[in-house]
Amino acid sequence: MTDDLSDLGLECSEDWVPFPVPGSVDLDYWARSQAQELVERYERDGQRGDLRRLTRDLKRAAADCQKRDPLGAFGLYLSGHNTAAAVLELDAIHPDDTFPEVSLGWLAEHMTARDFGEPDVREVRLPLGEAVRIRQNLLEEKKRLFGERQVIHTLFYGVRPQHMSTAITMMVSWTEAVLDEPLEQMTDSIAKTLTV
């Protein structure tokens, strides 16, 4: 029997734009509509937004998330910026015949990479349950035969809610190193709001 995740949720600011799940809406229409809302929000904040660039970025970011088919995904759009500063994805790992228990140790082992040395792995307590927090940098998958691979900064949480065998995962990723500290703080705060 699979755990019920229909009430999975989190709390975040309006800067985080929820991306549509695959097949729920026309992506072109959604991106145009959402970009218009962002332009209006930016204007209220005294900033300018480029409708065409925002539309293109929203569609690209949402389509990229849909390829991984997460339970939920969000893009961080800061006023005045025409691209997502970060992406947040929510998902779940269910036990199966291969891994009958998805423990914190299993999450720590299977969700870490050593592209840039040892990741910062900590066991923490969230209101939802015991969790593992992994801060690491990864190399982007190679997109072209030639060209550099971008460094992806990530903060991952895996939590085992009490009375559930499923692990809930949340990962935030970004590419600008200058955002490390504020995004870590933001992600830590969002992780504390996870509910199921």
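Structural data are supplied above this passage.
All residue numbers refer to position in the chain's written sequence, counted from 1. Only residues with pLDDT of at least 70 get local features here, since the model is predicted, and only at 80 or more are side-chain atom pairs given and counted; chain-wide, interface and lining totals rely on the full set of residues. Excluded from the side-chain calculation are hydrogens and water; included are all heavy atoms of the structure.

**Quick word on the packing of helix α1 (residues 27–44) against helix α2 (residues 51–68)**
Alright, step 1. Here, axes are lines fitted to C-alpha atoms. For helices the fit covers the stretch in contact, and angles between N-to-C directions go from 0 to 180 degrees. In this text, helices come from DSSP runs of H or I with a minimum length of four residues, and strands from runs of E with a minimum of two, each type numbered from the N-terminal end. Axis separation between α1 and α2 bottoms out at 8 Å; the angle between their running directions is 130 degrees. Between α1 and α2, the interaxial angle falls into the category oblique. Crossing hand, α1 versus α2: right-handed. From α1, Leu-27, Asp-28, Trp-30, Ala-31, Arg-32, Gln-34, Ala-35, Gln-36, Leu-38, Val-39 and Tyr-42 reach across to α2, where they touch Leu-51, Leu-54, Thr-55, Leu-58, Lys-59, Ala-62, Ala-63 and Gln-66.
Alright, step 2. Note on residue classes: Ala, Val, Leu, Ile, Met, Phe, Trp, Tyr, Cys and Pro are nonpolar, Asp, Glu, Lys and Arg are charged, and everything else, Gly too, is polar. Here the residues of the contact of α1 with α2 are counted per class, giving 12 nonpolar, four polar and three charged. Orientation is classified from the angle alone, with under 35 degrees giving roughly parallel, over 145 giving roughly antiparallel, 65 to 115 giving roughly perpendicular, and any other angle giving oblique. Note on convention: the crossing is left-handed when the near helix lies turned anticlockwise from the far helix by less than a right angle, right-handed when the turn is clockwise. It only takes one pair of heavy atoms within 4.5 Å for two residues to be counted as in contact.

**A look at the state of the cysteines**
Working definition of a disulfide: a covalent bond connecting the sulfur atoms of two cysteines.
Alright, step 1. Here, two cysteine sulfur atoms that lie within 2.5 Å of each other are counted as a disulfide. Tallying each qualifying case throughout the model produces zero disulfides.
Alright, step 2. In this model Cys-12 remains outside any disulfide bridge; the closest cysteine sulfur is found in Cys-65, 13 Å from its own.
Alright, step 3. Accessibility expressed as a relative area gives 30% for Cys-12, which makes it partly exposed.
Alright, step 4. Categorising residues by exposure relies on relative accessible area from a 1.4 Å probe, with only protein chains included: less than 20% of the type maximum marks a residue as buried, more than 50% marks it as exposed, and the intermediate range marks it as partly exposed. Residue Cys-65 is classed as buried on the basis of its relative accessible area, which comes to 2%.

**Some points on the pairing of strand β7 (residues 167–174)**
Alright, step 1. Most of β7 is tucked away, with seven of its eight residues classed as buried.
Alright, step 2. DSSP calls a pair of strands paired once it identifies at least 2 bridges connecting them. Taken together, the seven bridges between strand β3 (residues 86–93) and β7 define a ladder with antiparallel strand orientation. Opposite Glu-89, over in β7, you have Met-171 as the bridge partner.
Alright, step 3. The loop that links strand β6 (residues 151–161) with its antiparallel partner β7 comprises five residues; one of these, His-163, has a positive phi angle of about 65 degrees.

**Here's the deal with α2**
Alright, step 1. A helix's residues, less one, multiplied by 1.5 Å, set its expected span. The end-to-end C-alpha separation of α2 is 26 Å, in line with the 26 Å expected for 18 residues at 1.5 Å each.
Alright, step 2. Listed in full, the buried residues belonging to α2 are Leu-54, Thr-55, Asp-57, Leu-58, Ala-61, Ala-62 and Cys-65.
Alright, step 3. In this structure, the buried residues of α2 make contact with β1 (16–18), α1, β2 (72–76) and β3.
Alright, step 4. The backbone nitrogen of Arg-52 lies 3.0 Å from a side-chain oxygen of the residue at the head of α2, namely Asp-50. Any pair of N or O atoms that falls within 3.5 Å is considered a polar contact. Within protein, one atom must be able to donate a hydrogen and the other to accept it, and sequence-neighbouring residues count only if both atoms are side-chain atoms.

**A look at the nonpolar core**
Alright, step 1. We define a nonpolar core as any set of buried Ala, Val, Leu, Ile, Met, Phe, Trp, Tyr and Cys residues linked to one another through side-chain atoms lying within 4.5 Å. In terms of nonpolar packing, the biggest core is built from 27 residues, with Leu-10, Trp-16, Leu-88, Leu-90, Ile-168 and Met-170 touching the most fellow members.
Alright, step 2. Those elements that provide at least two residues to this core are β2, β3, β6, β7 and α4 (180–191).
Alright, step 3. The residues contacting Leu-10, other than those within four sequence positions of it, are Phe-74, Leu-88, Leu-90, Met-170, Ile-190, Thr-193 and Leu-194.
Alright, step 4. Val-17, Leu-38, Ala-62 and Ala-73 belong to the second-largest nonpolar core, a separate cluster that totals 18 residues.

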